[in-house]
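Observations on the three-dimensional arrangement
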Amino acid sequence: MIFTDDTEDALRAAVRLVNTAEDPETMADAADEDAFLAEFPYTGRLDRDDAERAALRALRPQLRAMLLAPRDEMAEAVNRALASVTVTPRLTRHGDMDWHLHAIADDSPLADRVLVETAMALVDVIRADEGSRISVCDDDTCQALALDLSRNRSKRYCSTTCANRNAVAAYRARRGAASDR
């Protein structure tokens, strides 16, 4: 484990939310939001309405910029994000999660809680100087984010779909080069 569980969960959720903007859009309706919340079960207020989904969609460019920023710019973006809301840090535990930090009130809008949890996770990324673990997918046809939490820093693609497509293309290229000999 590179970061604490809650930091890794917040980073995964932020990357997944940013990637919902990729074609096809996957934060368009209640079913999309339900799928996101099933994978990333945020506690607290959940309105599950059009306004909440619109706020989540509007948050994606800001999260993308924060996640991909160079370290000093990431720190500035984190500070701006934390200054934009009322922060009420407290230790809590719920479900299977042991003690961890919640930095914003549970009755705050979901988009604000996602923003603050992402900012708090990026504090750990900045302090550990691990920003290189967040990148754009190596697939030339994809602009989704890839989060590398592997020990050997080997993850280059956002999904197995992109990884498989590139592995097949590399195999075909090698096979074609071998037959040209």
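Here is a short report on the structure shown in this document. (Residues numbered from 1 in each chain as written. Predicted model: local features only at pLDDT ≥ 70, side-chain atom pairs only at ≥ 80, totals over all residues. Heavy atoms only, no water.)

A look at the environment of cysteine 158
Quick reminder of the rule: Only DSSP runs of H or I reaching four residues or more are called helices, and only runs of E reaching two or more are called strands; each is numbered from the N terminus. Residues count as neighbours in contact if any of their non-hydrogen atoms are within 4.5 Å of one another.
Along the chain, the position of cysteine 158 falls in the loop between strand E4 (145-147) and helix H6 (160-179). Separated by 113 residues in sequence, cysteine 158 and arginine 45 have C-alpha atoms that sit 29 Å apart. In this structure, cysteine 158 is in contact with Asn19, Cys137, Cys142, Ala144, Leu145 and Ala146, ignoring residues within four places of it in sequence.

Re the pattern of salt bridges
Short version of the rule: When a carboxyl oxygen of Asp or Glu lies within 4 Å of a side-chain nitrogen of Lys or Arg, that pair is called a salt bridge.
Taken as a whole, this structure holds 15 salt bridges when the rule is applied. For aspartate 9, the salt bridge identified is with arginine 12, shortest N-O distance 3.7 Å. With aspartate 9 and arginine 12 both in helix H1 (residues 5-19) and three residues apart, this pair spans about one turn of that helix. Of the charged contacts in the structure, one is a salt bridge between arginine 53 and aspartate 50, with a shortest N-O distance of 2.7 Å. Here aspartate 50 and arginine 53 lie together in helix H3 (residues 50-68), a separation of three residues that amounts to about one turn.

Looking at helix H4 (residues 71-83)
Put simply, the rule reads: In this analysis, the expected span of each helix is defined as 1.5 Å times one less than the number of residues it contains. A simple rule labels every residue: compare its accessible area, found with a 1.4 Å probe on the protein chains alone, to the largest value its type can have, and call it buried under 20%, exposed over 50%, or partly exposed in between. This arc corresponds to the set of directions leading from the helix axis out to the C-beta atoms.
In this model, H4 (13 residues) spans 18 Å end to end at C-alpha, consistent with the 18 Å of a helix rising 1.5 Å per residue. Of the residues making up H4, those classed as buried are Met74, Ala77, Val78, Ala81 and Leu82. Buried residues of H4, viewed axially, fall in a sector of 130°; they line one side. H4 presents Asp72, Asn79, Arg80 and Ala83 as exposed residues on the side facing more than 90 degrees away from its buried surface. Looking at the buried residues of H4, the elements they touch are H3 and helix H5 (110-128).

Quick notes on the environment of alanine 21
With respect to the secondary-structure elements, alanine 21 resides in the loop between H1 and helix H2 (30-39). Its relative accessible area of 39% is what places alanine 21 among the partly exposed residues. Along the chain, alanine 21 and phenylalanine 3 lie 18 residues apart, while their C-alpha atoms are 26 Å from each other.

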